[in-house]
Structure formats: structure tokens, C-alpha cells
Amino acid sequence: MKRRWIIAVLAAFLLVAMVGLAEAAEGRPPVPIDKVKVIITFNRPPGAAEQALVRGHGGSIKYTYHIVPAIAATIPHAAIKGLRRNPRIARVEMDVVVRLTDAELDSSWGVKRIGAGLVHDADPPNKGTGVKVAVIDTGIDGRHPDLDANYRGGYNYVNPRKEPKDDDGHGTHVAGIIAAEDNNDPNSVVGVAPEAWLYALKVIRRDGTGDVSDIIAAVQWSKDNDMDVINMSLGFGHVQAMQDACKEAYDAGVVVVASAGNSGNEAGTGDNVLCPARYESVIGVAATKQDDSRASFSSTGPDVELAAPGYYVFSTIPGGGYGWASGTSMACPHVVGTAALVRAANPTWTSAEVRTQLASTADDLGDPDRDWHFGFGLVDAAEAAGIEVPERHDVAVTSITAPSMVVEGHTATIVVLVTNEGTFDEGTEHDPIVITLTDTTVDPDTPMYSQDIWPLAFGDSTTVTFNWDTTGSSLGDHVLEAYASLDGDEDLADNSKTATINVAQEIHDVAVISVGPPVVPKEQTVDMSVVVANQGTATETFYVTLTDVTDTEDPIPIPIGSPESLPVTLQPSDSATLIFQWYTGSMSGDHLLEAVAIAVAGETDTDDNTKTTTVNVTGEKVLHVEVVTNCSGCPTGSYVMIPVTIRENDATGPPVARADVRVEILTPHDITYAGASKTDKQGNVVFGYSPHPTDPAGVYTVTAYATKRRFVSGSDTTTFKFIDP
């Protein structure tokens, strides 16, 4: 069995639910506790004398900048006060941690939504040819077949001895949105500016973090090497030297664009935009969904300047593949690519003129004029690049969402997203847009259902819901096709999408999976967990019992818990953990416990309804482990938080600090990821799981093991589930 490592963390990290991240944390060794990373800004450009001053305070110099009068260094913590008192020094700031926030065109819904395809097909065509774009990120897979023609190298600030190769996935995904090649491959994607030149400036380590000092150096490199546009899909707290560097680059003609951040809430309230998107010289970008609504995670505030697609965006990933990701990190490169198209159409324009063009041509969303959710609105590549959009009628089925399985006789709900991609308002009561749903497996020529919709303004989307009654349907896969009909539609290639639903026979099968923990203290009320599962195809409600069946002189089974049986309702393939409270009494030694999932009507396989386990009742203290996840059904590639809590004896016991905790994650394809750390004073530790690019959809089993001297070891198991977008 293969093993990989995950990273123990104390807070949520990435700005984006990436498609696939690295197997292990690696990079620079940690800075000793008595030294800190700082950025020292002087009152004049630093030279030999300023370098000597830093070294004289015990510092080691990382960068001496010329874009700003500053030096990045590692110094003893005690030296900060002395440096701040020096009249030659304007300020000393901490080097804060940075975190990542055609048929081919049909795969790139965001590129198509902002009208970039119209720019590519214009006369003359505009594909951003030769516009220089700096991607300040995790690096780029320059050998990817959809990026290799546009990749122009760059610099690796994490390890200057190596090329800026992407060991994370984030930067390659961003690069594909900007400039994936237009090679007419229906299985790939196309970027907003598919002939722009990409420069990889690697500032983010393999664990998804980096230093502001490296980003300042990357902005300086961009200015020195005459970049036209900078993409920063990342975020951090304010650093004045970084703000000054962005302004210098912008004033020199570089268009600077950054993601607003993923700190938003469902209500869309509060000012939570991150830096550098907050800076006046930087275009801050929020994220939208396919229906032009705000993505709930998208940060809000007065510094949001533009909005762009950032929800389930399909793009390039390292190794030559493609994958989905969501976040303002994905919205940002849509604006960057559009800026490249504007610069290609107007090569003499200043950065301020490009910026004004982007804002003035954006499609207003939300409140009139500029607002905290969308800024000036959704970026419009066609209008921004000065393309006269031809008049045309065109509606499209943008997506179809359906369950992968339904039990015969039950109803499956199918949701169809329809978008008006033409230039006219479409649909009237007398001449509506007609949406049909057809079971092509049974009769491809006769729709099962039909709905009329009207009106649908150009650029708008709406959803249509069908409820398919499968009574009498044949077992097996059924391919359902949603089709949009419109008189005069000039592009029929995007009018349909299909979904495959398996009609399954109704099977009743419930099972007991595990009972634990294996060791408990005596004379205590302890929580005994019983994990049960629904292994059939029908929703089940059933009861579970736990009994002490130890063969003693009085072999009478003793029910555990009050009430003696617990009810549970489970959907097919779901599982649940039930807790039975057991007073262990004064008897020590082994006890045989039996958990029973009482058979449901129609169940034929009852062999797995019962599970017995031996539990040792001891006088020693026991580590009670509780592990949870934040992901009961997340899109593949999502970042998963795994909090673990360790208490003494039971869930209400005192917390156990400095306990050794090891977490193992078993994937559906039998690969185990593992990581280890210690609990804090509250008995807590949080692990973060960054998915590998090959991780499939399905149920992942998480087991946490805890050990500490003079305690009996404990463990707990839970699951999380990845679903395909």
C-alpha cells in the first residue's frame, strides 16, 4: 500500500479549493524562534552602508530591492527595536506569510462567458499575441501541451537553483485560464488570451505558503523585465513595502491584478478583501458563478473592482491534464487575460488606460454602478478589446445536474441550466424557448418532458427542473439529454448536454461496520461508538442495539445505553456513528460487546448486521479521541480540514495536551495518506488535507490514533466524501 504525508496545521490555509496539491510539505527549513523575517525600509535606496547596518545587527540579507528602498532579511528579534530607532530607517515590518487564495471553448465556460471567443474570432483576430504576463504563484508546468508554446520561463524564488516548475498545481491552473493554447482540441481548454506569453515567478512553496519578501522581488522582476500584466492569485495582511512595490510597477506601465480572497460569507456582508487586492494600484477581482451570481466564498468590500468567473472552472494542471477548481484565484486570471487582449489591441496604452477600459466596459451586476460584491461588474472581454459583437440568436444548455443512481420506482431530479449567449432578449409567451428532456437510451426521438421559458435576456441564465419518475424503467444506465430549442438559433452545437443515471434494483441491506473503543476505564460512563452503514439502494430507517454478552457465571445479556436501541435513517451508501453510553462499573477485564443493526423489511443479507468486539475495562486513564471533517460532500480537489480532539476517559473529560496524534486517510483507490502532530493545551490539533491530482471522487476514511505516556491509546474514525463537479 502506498503512503503519502499530509500536513498538520492550526488554521485553514488556501484561498481556493484546488484540483490537486502536493504530496508533502517541503521547502525552506523553519526560522529559529529567536530570529524573525523582516522587511526594512530605508529613507533612501539601500547600498553597502545599509547592508552593513543590517549585518551589524546580526542579520542575514535575503534581498536588497530597488523597486522600493528596502532590504528583506532575517534578524534577531531583539534587534528590531534598535533598527526602528535608527533615523536612516523608515520602518521595520514583519515578512508575513502568503497563502494561495469552439468545442474547446465550451470546456472553458468562464472564457466563453466573458466573450473572449468573440475576440479570438474577430477580423482581425486578437489572441493577445506576445503580451507578457507574469504569473506570481506556485510556478507553471511549462511542458504542458496546452501551455508549452506560450511559456517563456521565469524565476524560482523558493529555490533559485531550480526552474520555476509547479509542484502544487495552483499556478498551472491559473496559467491555463490566462493563455491555454487555441489548438482546437475538444478535450482541452482555451485561455482568455491564448497567444499571450507566460512567465512563471514561483513564490509559493509546496505546502501552499510563501513570503511577502519573495512577492516584492517578483513584482520588481516584472517591472525590470517589462511585463505587461501581473497575476497574483494569493492574499495576505498589509505590508507597506509591498503596497509601494505594486504602485511602482503600476506607475511604470504594468497592469497589476489580484484575487479579492475567499473570506466572504453567504450573506455577502463585511469588508474582508485581502492584500494586495486592497491596494489602490491593484485591480481586486471577485468570483461569480455560471448564473452571474456572486460565489458565496468571494470576499466583499469597497476594493472589489471587477468580477469574473471563479466557480468550478476547468483548466490545466501539472502533468498534461485538466481539472476543476473554484475560488477568486480562478476569477483573477480571467481579468488578467482580458487585460492582455486590451493591451494587444492598444499597445501604446498606459496601465491606467487599460484599467479604465476594463472598468468602463464591464457588465454591471448587483447594485447600480460600483458595489462591494462585483465592483464595476463582470469583465467583458469583447467590449473591452473593442470588438463589435455581431447580432445573433443563441441559447445554450450550460450544464445538467442529475444523480448518478436512482432506485427503480423512485423519482430523480434533473436540473438544467440554460443561458442566453446571443445578443437579443429571447422568448415570449407565444414564442418561448423550449427545453426538453429525452431518455435517449429508450427513445431518442421522443422527449419525456418539456418546459417553456420566457423571457431570457441576453447574458442571463435560468434553471429548469425535471422530475423523472422511473417506475417501470429498465435497470441499468440511461442517458438523458436536455435540449434547448429556439427559432433562429445560429449555434446549435451548445444546445444540448447529457447526463447518465443508473436505474438500480431496490436492495435492502444495513450493516454494522465497527464498535469501539477497544479500551475503556472502569467506574466511568464512557461513549461507545457503533458505526453503521446502508449498503443497499433504498433509504432505510432502522434500529441499532449494543449489548454486553460476556460469558460469565450469569450469562444474561446486558443492554448498553438508555434507551436500549437507537434509531438511524440513512441514504444509500451513507454511514453514521451512534453513541451508546456505558457505565463500566467496578469489574475489570475483557467484555464481549455485540452491536446489532435490526434487519429491515426485505433484507436478505443479514450476515453483516451483527458485529462483536472485545473491550478491555481497565483502571488506567484512557485517551478519548474525536475526529471530524468539514466535508460531507465537497467537490473533488477541495481542501479538507480534519480537527481532532483528545480528552481524558470520555467526551466530557479534561483535555489532554501534548498527546501524539497520527491521522491516516484511506482513499477509494487504496492509497493511505498520513500525518502526525501533538495536541495543544485544549487537547486539539487540526490537520489539513490537500488532495493529490489523482484522488478520485468517493468516500475517504479518516482514522485518528492518539498515544501518550501513562495513558491507554485511543482512536476514532470518520469519513469525508468528494463528489465530481
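Per chain, residue numbering runs from 1 following the sequence as it is written. Since the coordinates come from a predicted model, pLDDT governs what is reported: local features require at least 70, and pairs of side-chain atoms require 80 or more to be given and counted, while whole-chain, interface and lining totals use all residues. As a rule here, side-chain values cover all heavy atoms of the structure and leave hydrogens and water aside.

Turning our attention to the overall build of the protein chain. By the criteria applied, helices consist of DSSP H or I runs no shorter than four residues and strands consist of E runs no shorter than two, each listed in order from the N terminus. In terms of helices and strands, the protein chain carries 11 helices and 42 strands. Using C-alpha atoms as the atom set, the radius of gyration is obtained and then compared with a globule rule of 2.2 Å times the number of residues to the power 0.38. The C-alpha radius of gyration of the protein chain comes to 29 Å, within 12% of the 27 Å expected for a compact globule of 725 residues. Reported as C-alpha extents along the three principal axes, the dimensions of the protein chain are approximately 95 × 80 × 45 Å. Counting the 725 residues in the protein chain, one finds 53% classified as buried. Note on areas: these come from Shrake-Rupley sampling with a 1.4 Å probe, and a residue is covered only by the protein chains present in the view. Summed over all atoms, the accessible surface of the protein chain reaches about 30000 Å², with 50% contributed by carbon and sulfur. Categorising residues by exposure relies on relative accessible area from a 1.4 Å probe, with only protein chains included: less than 20% of the type maximum marks a residue as buried, more than 50% marks it as exposed, and the intermediate range marks it as partly exposed.

As a rule, the C-alpha atoms of each element are fitted with a line to give its axis, helices using only the stretch in contact, and angles between N-to-C directions run from 0 to 180 degrees. Viewed as axis vectors pointing N to C, helix H6 (residues 170–179) and helix H9 (residues 328–345) meet at an angle of 35 degrees, and their least axial separation amounts to 8 Å. The hand of the H6/H9 crossing is right-handed. Contact residues: H6 offers His170, His173, Val174, Ile177 and Ile178, while H9 offers Ser329, Met330, Pro333, His334, Val336 and Gly337. Here the term charged refers only to Asp, Glu, Lys and Arg, the term nonpolar to Ala, Val, Leu, Ile, Met, Phe, Trp, Tyr, Cys and Pro, and the term polar to all other amino acids, Gly among them. Taken together, the residues that form the contact of H6 with H9 break down as six nonpolar, five polar and no charged. Crossings are classed by handedness, with left-handed meaning an anticlockwise turn of the near helix from the far one by less than a right angle and right-handed meaning a clockwise turn. Any two residues whose heavy atoms approach within 4.5 Å are treated as being in contact.

Centres within 6.5 Å make a pair out of two Phe, Tyr or Trp rings, where for Trp the six-membered ring is used; the pair is then stacked when the planes are under 30 degrees apart, edge-to-face when over 60, and tilted otherwise. All chains considered together, the criterion is met by 14 aromatic pairs. Aromatic side chains Tyr311 and Tyr312 sit 4.5 Å apart centroid to centroid with 50 degrees between the ring planes, which places their arrangement in the tilted category. By relative accessible area, Tyr311 is classed as partly exposed at 23%. On the basis of relative accessibility, which here comes to 17%, the residue Tyr312 falls in the buried class. One aromatic cluster is present, formed by Tyr673, Tyr689, Tyr700, Phe720 and Phe722 through successive ring pairs. Stacked on the ring of Tyr311, the Lys or Arg Lys289 has its end atom at 4.8 Å from the ring centre. Two conditions define a charge sitting above a ring: the NZ of Lys or the CZ of Arg must be within 6 Å of the ring centre, and it must be within 35 degrees of the ring normal. Over the face of the ring belonging to Tyr250 we find Arg355, whose NZ or CZ atom lies 5.3 Å from the ring centre.

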